[in-house]
Amino acid sequence: MQGGVVLDMSGMNRILEIDIENQQVIVEPGLVAETLNLAIKPLGFFFPPDPGSLAMCTIGGMIANNSSGMRSVKYGTVRNYVLDLEVVLADGRVVHTGSKVLKSSAGYDLTRLFVGSEGTLGIITSAGLKVAPLPAARKLVLASFPEAEIAGRSIVEIFSRGITPSACEILDRTTIAVLKMCEPHLALPADGDVILFEVDGTAASTEETAAQIRDACLPLARSVRIASCREEMEEIWAARRLVGAAISKLDPAKTRIYMGEDVGVPIKQIPALIRKVQQISSKLDIPAMKYGHIGDGNLHVALFIDIRDESQWDKLRLAADRIHRAALDLGGTVSSEHGIGLARADLLPEQAGSEAFSLMQSIKKALDPQGILNPGKMGL
Amino acid sequence: MDIDLSAIDQCARCGTCRAYCPVFAELGWESANARGRLMILQGLQNGLKGGMQDGMQGSLQADPCVQDSLNTCTTCGICTENCPAGINPPRLIEMGRRELVLSGRISREQETLRDHILRSGNTFGETADRLSWLSDRRLPEKADYVYFAGCMNSYRYTETAARTFDLLSRFGTTMLPNEQCCGSPLLRMGFDAGRLMQENCRQIERIGAHTMITGCAGCYTTLKNDYSPQFRVLSATEFLDERIQEMQQRQERKIKRLDIAVTYHDPCHLGRHNNIYDPPRRVIESICRLVEMKSAKKDARCCGGGGGVRAGYKDLSLQMARRRLLDVPEGVDYIVTSCPLCIRNLRDAGSKVRVIDLVDLVAMAAVE
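These numbers come from a predicted model, not from an experiment.

Quick notes on the rules
Residues numbered from 1 in each chain as written. Chains lettered and ligands numbered in written order. Predicted model: local features only at pLDDT ≥ 70, side-chain atom pairs only at ≥ 80, totals over all residues. Helix = DSSP H or I, 4+ residues; strand = E, 2+ residues; numbered from the N terminus. Rg over C-alpha atoms; globule rule 2.2 N^0.38 Å. Buried ≥ 20, exposed ≤ 12 C-beta atoms within 10 Å, placed from the backbone. Contact = placed C-beta atoms within 7 Å. Core = buried A, V, L, I, M, F, W, Y, C linked by C-beta atoms within 7 Å. Axes fitted to C-alpha atoms, helices over the stretch in contact; angles between N-to-C directions. Parallel < 35°, antiparallel > 145°, perpendicular 65-115°, else oblique. Left-handed = near helix turned anticlockwise from the far one by under 90°. Nonpolar A, V, L, I, M, F, W, Y, C, P; charged D, E, K, R; others polar. Domains from an automatic or database assignment. Pairing = 2+ DSSP bridges.

(A) Structural context of the overall build of chain A. The number of helices and strands found in chain A is 13 helices and 15 strands. Its C-alpha atoms give chain A a radius of gyration of 21 Å, near enough to 21 Å, the size a compact globule of 380 residues would have. Within the span of chain A, comprising 380 residues, buried residues form 46% of the whole. Counted over contacts in chain A with a minimum sequence separation of 6, partners at least 24 positions apart contribute 71%.

(B) Summary view of unusual backbone geometry. Located in the positive-phi region is Q23 of chain A, a residue other than glycine, with phi close to 55°. Among the structural elements, Q23 of chain A can be located in the loop between β1 (15-19) and β2 (24-27). Look at K297 of chain B: it is not a glycine, yet its phi comes out positive at around 55°. With respect to the helices and strands, the residue K297 of chain B is situated in the loop between β7 (289-290) and α15 (309-312).

(C) Representation of the nonpolar core in the model. Core analysis: the biggest nonpolar cluster contains 201 residues, and A143 and L303 of chain A together with V146, F148, L361 and V362 of chain B have the highest contact counts within it. Other than its neighbours up to four places away in sequence, L303 of chain A contacts I257, M259, G260, I286, A288, L316, A319 and A320 of chain A.

(D) Structural context of the packing of helix α5 (residues 148-160) of chain A against helix α10 (residues 270-284) of chain A. Residues and elements named next belong to chain A. With their axes 8 Å apart at the nearest point, α5 and α10 run at an angle of 165° to one another. Classified by the interaxial angle, the pair formed by α5 and α10 is roughly antiparallel. As α5 runs across α10, the sense of the crossing is right-handed. Two secondary-structure elements touch here, α5 through A148, E149, G152, R153 and I155 and α10 through I270, P271, I274 and R275.

(E) Just the interface of chain A and chain B, in detail. With 15 residues of chain A in contact, the opposing surface of chain B contributes 12 residues. The set of elements that each furnish at least two residues to the side of chain A that touches chain B consists of α9 (247-250) and β12 (255-257) of chain A. Its residues assigned to classes, the side of chain A that touches chain B shows seven nonpolar, six polar and two charged.

(F) Representation of the domain arrangement of chain B within the structure. Residue and element names in this part refer to chain B. Taken domain by domain, chain B holds domain 1 (5-105), domain 2 (120-239) and domain 3 (243-367). Taking only C-alpha atoms into account, the centre of domain 2 sits 20 Å from that of domain 3. Contact residues are listed per partner, giving 25 residues for domain 2 and 25 residues for domain 3. Mapped onto the side of domain 2 that touches domain 3, the elements with two or more residues apiece are α8 (150-155), α9 (158-169), α10 (184-189), α12 (217-225) and α13 (236-249). Among the elements that make up the side of domain 2 that touches domain 3, the one with the highest residue count is α12 (five residues). Of the residues contributing to the side of domain 2 that touches domain 3, the split by class is 11 nonpolar, nine polar and five charged.

(G) Examining the environment of A62 of chain B more closely. Residue and element names in this part refer to chain B. Note that A62 resides in the loop between α3 (34-49) and α4 (64-71). For A62, a count of 20 C-beta atoms within 10 Å translates into the label buried. Residues contacting A62, with those up to four places away along its chain left out, are L44, Q67, L100, S103 and R105.

(H) Structural detail: the sheet that holds β1 of chain A. All names here are of chain A. Spatially, five strands are ordered β1-β2-β6-β4-β5 in an open sheet, and the strand pairing comes out antiparallel. Edge strands, defined here as strands with exactly one partner in the open sheet, are β1 and β5 (94-96). If you compare each strand with its neighbour and ignore which way they point, the axes differ by 10° on average. Looking at chain direction, β1 and β2 are connected through four bridges and run antiparallel.

Here is the structure:
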């Protein structure tokens, strides 16, 4: 984009109100999510959406992209927590999209329209958010599987038994190798593709659910164990949060490129998606780490190349395109939580369908007739 | 420009450095964190190649904003410590600064500091005798150990220099008769320090010492990592750690326990850059109670005093020091550290708790 203006909202980073009786907060968009959590933790609450980038992502960015992260399998996405937005529209009007009420059947749901709109419809200047009580206990189950596809099957099995983990993350063996190199002391199984199941609740309920998950995984897994203590659990999560960018530690000549990195499919299609990604990666000879929030069908594929080699860029673009199309063929999405932006703009009409996309264009035109807000993003 | 771009290429733009960079915490601009600085380095490289490329690969000219971006890094290394891709941004930033200097883009403050050092051999441009604090103390011509006092202790904290020398002289220590600035400020800002380094090396060889001991974190990292490895380099904290038990057992100036509590501020160039975390803590714990700061060891927040930032951006530097002081635990009697630059910055930022050198604490505990 040339000649535009970047609106950096990070200076608007105050917590305007903590209303614990109503389990709500009102914050400005530049507030970093972790700062919010640190502020409400002493009150026994947290803001559940938990992207790996919690320490640096802002609430405004999370709302604009409807981000979610590791705990969305149980807690849902940002959209589930936004009650009200103050938005400056393209013509300068300031609107509120909701209020403090938890439910309302009055009119169109403008809040949900603005969540995930990537700055194309207005500028968010404050947000009223729901927060949730911190669980009393958490447990982590580590299960290792002979291959990622079988790991995917275990997810289907767990859900079909009515178990809902609070996080459910897959780490394939390439990802495990990177993690082990970054944090050699981590006791991660090295014999396969790993799923981390986290459960939260009371001490008794987590004990019981962790045991149920272990039992469900045993017939499919090479090994299953429950993390020994809270410290081990926290270390594993900390390493997991940053693994996406860590590939360069394994091979300094390679850089992780965020293309084809955020596909999602219905849960029962996960094994098929994993199989398809493996085929694409090996056919094009592009190494890939596969990790992500597999509990909600969201697979992060980290493709890494030598960025000085133009031929590898060509292969990368091809691989990303095939991964996107594989997800669409399985009834999925080209982006589960990172958004469309420019990089996937050409895929949105295909995913949404021409009529739905045309409706999006009409909404954009109604709210921003001159196309001054984040022009070109989402293909709008 | 000859910057190792392959290391910059490893940056996945994840933004983890935004969460840690102490300069970014104060300034808030993307150009004031490691990710932004690496993009700027890439732009400079492209600019000098004369090519315009797409998007983030675009070219940049070294205007004052670019200089500010690179020169406001304290090289504290907390980005290196936390970078998931394993990049060492301060190393790249120092390379970029070197290129700026070579192309004549030097700020007035940098120029003044450089001229002081090159003219007088110290950062202050002082013409007085560097060793005047020695008073009537004798310097052996030959010794195994050399105490390298550094500019700050030689001219500003002379009591600490004298105390350090008195502690070390019992173990066969001398000093360079014509000690020159170690070169750290020049190197951190991108200048050449070869002449000073050669002069110091020449004197070390003449004395025949096998070990250099210094109480300045900046001197330590420079002597250890920028000089040729012909001698061992110890920080005063390591030396004290090695000898404290011996000092506790002897008859004269025996080290006694003090009924006080102190906290320890990790100087970045001792801690993250050289992994010296435990020796000062062991020394403190053998003397009194240690209460850790809110962030400590590899996570310790920078005081803002290093990397040429204090010289070029004093307000920013003191702003960072004030934030560091928020990490001081309640009820401690002293903030102890092992770097005169940190001492100066924390004191100048208005610390209500007295800031002292580890050597000062040891001297306090030494009974006549």
